[in-house]
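# Analysis of the macromolecular model
Here's the letter readout for the chains.
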Amino acid sequence: MNAWGMLRLWWPSAISISLLNLELPIISVILSAYSLQASGDYAIALSTFMFANAFVFPLCAVVIKIRKNREALIFAMLLAVSVFVILNIAVSIFSSKMTPHIVFITHFFSLSLLAVAVRRYLQGCCILEGKTALMSRASLVRVLVSVIGCFTLTRFQVPVDMAAIVALVCGAYTEAALLFIMVRWQGIRLYDSTGHHYAALLAPYVSAFLMSASSLMSNIIVVICLGQVAEGDTVLKYWPLTFGMICISIGSVLDIESILLKILGHQPPGKSLFTFLSVQCLVAPVLFILLCVILGSFNLFPAGSKALYMNAYFFIAIIGVSTLWIVRGYCRSVLMTNNRLGVINFSIFTALVTPVAVFYLFHIADYGLMLSVSIFSSLIVVELLCYGAYGLVRGVSRPQWVKN
């Protein structure tokens, strides 16, 4: 597969994911424009949902890794229901530590988990069959439902954070239903006759889960770390919009591991793959600049926040995050292809724990908006350092001149 073939495989998936990532910035703008307090409540509910979402998001990678089969389909259904039930029980147990409003919107937000599980399983089927264009069509409809729904509900005096969550839930179910209809219309089978033992699903799922956790749980880790900083509540109110801006920059490569797994499954790394990854690095800043131009031209930035985002420091930070994301995705896919799942698991776990430990053990000053970006970036940096250490140790233990 040459570079152009890789781009054709990636492009529909990138459109799908990028469209989904438009939800967060647009809805965050609506929230921030109405009420920063509502934006803060939404940040807590969103981080809790994304924590639970990390358990069902890996289904796409699992389907691609082991190929779709009946056991994988049953596993996906049981997993979705289990995560949904456990999350709602957990929220009820810890409800005394949250306001009744946040508890309610979190319970309601959890309904999206079932739709996300369906979508991720079907997306894995689409990627295996090379029908990734179906994903972008369903995602476009979802974004329209979510954004238009959120704006419409606020017109009817629905609390803005509740309006956002209701719209997101409706959009999630719309996309899952539409994708299911299109998959069946195209004659794509939900599972093949051959299968694996259920135990064979656990290893790829655990690795895929940790990879998803490093992305989706990063949100709640940022919230936890900001809670240890004096005046961190102010930064937290801007976090949904900041996270939305980051999502735009990494939108086209958010699920880059799944695409790279398919590419590396057919051919070893080479010049074509380097060209493909270089293009990804160029896409991120273009998307970010486009978003800033749109928000600035229509005065959509919350009052007083334009200068926080439209400056050289934040632009450089966004480019850095997106580039690190791509490098991490490549390292993960190579290790997964070589069945080095233990290295990935250890590195991700270390990356998730390190920022929380640092913020609990040391006093961290409030550096404003860049503090939240730094916390988010540190998760990627620590993981890459672990991969680098593994490569160094392996190189020392197996010198190049030693012949097998």
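For the structure, see preceding data.
Keep in mind the model is a prediction, meaning the values are calculated, not measured.

The subject of this paragraph is the overall build of the protein. Within the protein, the regular secondary structure consists of 18 helices and 0 strands. Here the protein holds 404 residues, and the buried ones make up 54% of them. Across the protein, the fraction of contacts at a sequence separation of at least 24, relative to all contacts at a separation of at least 6, is 85%. Within the structure as shown, the protein displays about 18,000 Å² of accessible surface, and the carbon and sulfur contribution to it stands at 71%.

Another aspect to go through is unusual backbone geometry. Residues other than glycine seldom take positive phi values, yet Gln 157 does so here, at roughly 65°. Residue class for Gln 157 comes out exposed when judged on its relative accessible area of 69%.

Attention now moves to the packing of helix 10 (residues 199-216) against helix 17 (residues 341-361). Helix-helix packing: each pair is described by the crossing angle between the helix axes and the interaxial distance. Closest axis-to-axis distance for the helix 10/helix 17 pair is 9 Å, and the angle between their directions is 30°. Classified by the angle between their axes, helix 10 and helix 17 sit roughly parallel to one another. As for the relative orientation of helix 10 and helix 17, their crossing is left-handed in sense. Of the residues in helix 17, those touching helix 10 at Ala 203, Pro 204, Val 206, Ser 207, Leu 210, Met 211, Ala 213 and Ser 214 are Leu 341, Ile 344, Asn 345, Ile 348 and Leu 352. When the residues that make up the contact of helix 10 with helix 17 are grouped by side-chain class, the tally is 10 nonpolar, 3 polar and no charged.

This brings us to a nonpolar patch on the surface. Together, Val 81, Val 85, Ile 89, Ile 93 and Phe 94 make up a nonpolar patch on the protein surface, roughly 460 Å² of accessible area in all. Mapping Val 81 onto the fold places it in helix 5 (residues 70-93). Overall, the relative accessible area of 47% leaves Val 81 in the partly exposed class.

This part covers the packing of aromatic side chains. Within this structure, the stated rule accounts for 12 aromatic pairs. Ring centres of Phe 49 and Phe 109 lie 4.4 Å apart, and the angle between their planes is 10°; on these two criteria the pair is classed as stacked. Taken together, the residues span a long stretch of sequence, with Phe 49 in helix 3 (residues 36-56) and Phe 109 in helix 6 (residues 100-109) at a distance of 60 residues. Here Phe 243 and Phe 376 contribute two aromatic rings whose centre-to-centre distance is 6.1 Å and whose plane-to-plane angle is 70°, an arrangement assigned as edge-to-face.

Here we come to the pattern of salt bridges. Here the structure, examined in full by the defined rule, presents 7 salt bridges. The partner of Arg 328 in a salt bridge is Glu 383, and the shortest N-O contact between them spans 3.5 Å. Placement of the pair is Arg 328 in helix 16 (residues 312-337) and Glu 383 in helix 18 (residues 369-397), with a sequence separation of 55 residues. Under the relative-accessibility criterion, Arg 328 is labelled buried at 1%. Its relative accessible area of 0% is what places Glu 383 among the buried residues. Among the salt bridges present, the one from Arg 332 reaches Glu 383, with a minimum N-O distance of 2.8 Å.

Bringing the environment of Ile 26 into the picture now. Along the chain, Ile 26 falls in helix 2 (residues 23-34). What makes Ile 26 partly exposed here is its relative accessible area of 32%.

Interaxial distance between helix 10 and helix 16 falls to 12 Å at its minimum, and their mutual angle equals 170°. Classified by the interaxial angle, the pair formed by helix 10 and helix 16 is roughly antiparallel. When helix 10 is examined against helix 16, the residues Met 211, Ser 214 and Ser 215 are found in contact with a partner set consisting of Trp 325, Arg 328, Arg 332 and Met 336. Taken together, the residues of the contact of helix 10 with helix 16 sort by class into 3 nonpolar, 2 polar and 2 charged.

Moving on, we get to the environment of Tyr 367. Relative to the elements of secondary structure, Tyr 367 occurs in the loop between helix 17 and helix 18. You can call Tyr 367 exposed: its relative accessible area is 63%.

Its 24 residues give helix 5 an end-to-end C-alpha distance of 35 Å, which sits within 8% of 34 Å, the value for a rise of 1.5 Å per residue. Glu 71, Ala 72, Leu 73, Phe 75, Ala 76, Leu 79, Ala 80, Val 83, Leu 87, Asn 88 and Val 91 are the residues of helix 5 that are buried. N-capping of helix 5 is provided by Asn 69, with a side-chain oxygen placed 3.1 Å from the backbone N of Glu 71.

When you line up the elements, Thr 242 lands in helix 12 (residues 232-250). A polar contact is formed between the side chain of Thr 242 and the backbone oxygen of Tyr 238, at a distance of 2.9 Å. For Thr 242, the side chain forms a polar contact with the side chain of Tyr 309, separated by 2.9 Å. When residues no more than four places from it in sequence are discounted, the contact partners of Thr 242 are Tyr 309, Phe 314, Leu 369, Ser 372 and Val 373.

Moving on, we get to the environment of Leu 73. In this fold, Leu 73 is placed in helix 5. When the C-alpha positions of Leu 73 and Val 118 are compared, they lie 9.7 Å apart, and in sequence the two are 45 residues distant. Once you skip the residues sitting within four places of it in the chain, Leu 73 turns out to touch Tyr 121, Leu 190 and Tyr 191.

So, how was this worked out
Residues numbered from 1 in each chain as written. Predicted model: local features only at pLDDT ≥ 70, side-chain atom pairs only at ≥ 80, totals over all residues. Heavy atoms only, no water. Helix = DSSP H or I, 4+ residues; strand = E, 2+ residues; numbered from the N terminus. Buried < 20%, exposed > 50% of the residue type's maximum accessible area, 1.4 Å probe, protein only. Contact = heavy atoms within 4.5 Å. Areas by Shrake-Rupley, 256 points an atom, 1.4 Å probe, with all protein chains shown as cover. Axes fitted to C-alpha atoms, helices over the stretch in contact; angles between N-to-C directions. Parallel < 35°, antiparallel > 145°, perpendicular 65-115°, else oblique. Left-handed = near helix turned anticlockwise from the far one by under 90°. Nonpolar A, V, L, I, M, F, W, Y, C, P; charged D, E, K, R; others polar. Patch = residues over 30% accessible without salt bridge, like charges linked within 9 Å, V, L, I, M, F, W, Y side chains within 5 Å. Salt bridge = Lys/Arg side-chain N within 4 Å of Asp/Glu carboxyl O. Phe/Tyr/Trp six-rings, centres within 6.5 Å; stacked < 30°, edge-to-face > 60°. Expected span 1.5 Å × (residues − 1). Polar contact = N/O pair within 3.5 Å; in protein donor to acceptor, adjacent residues only side chain to side chain.

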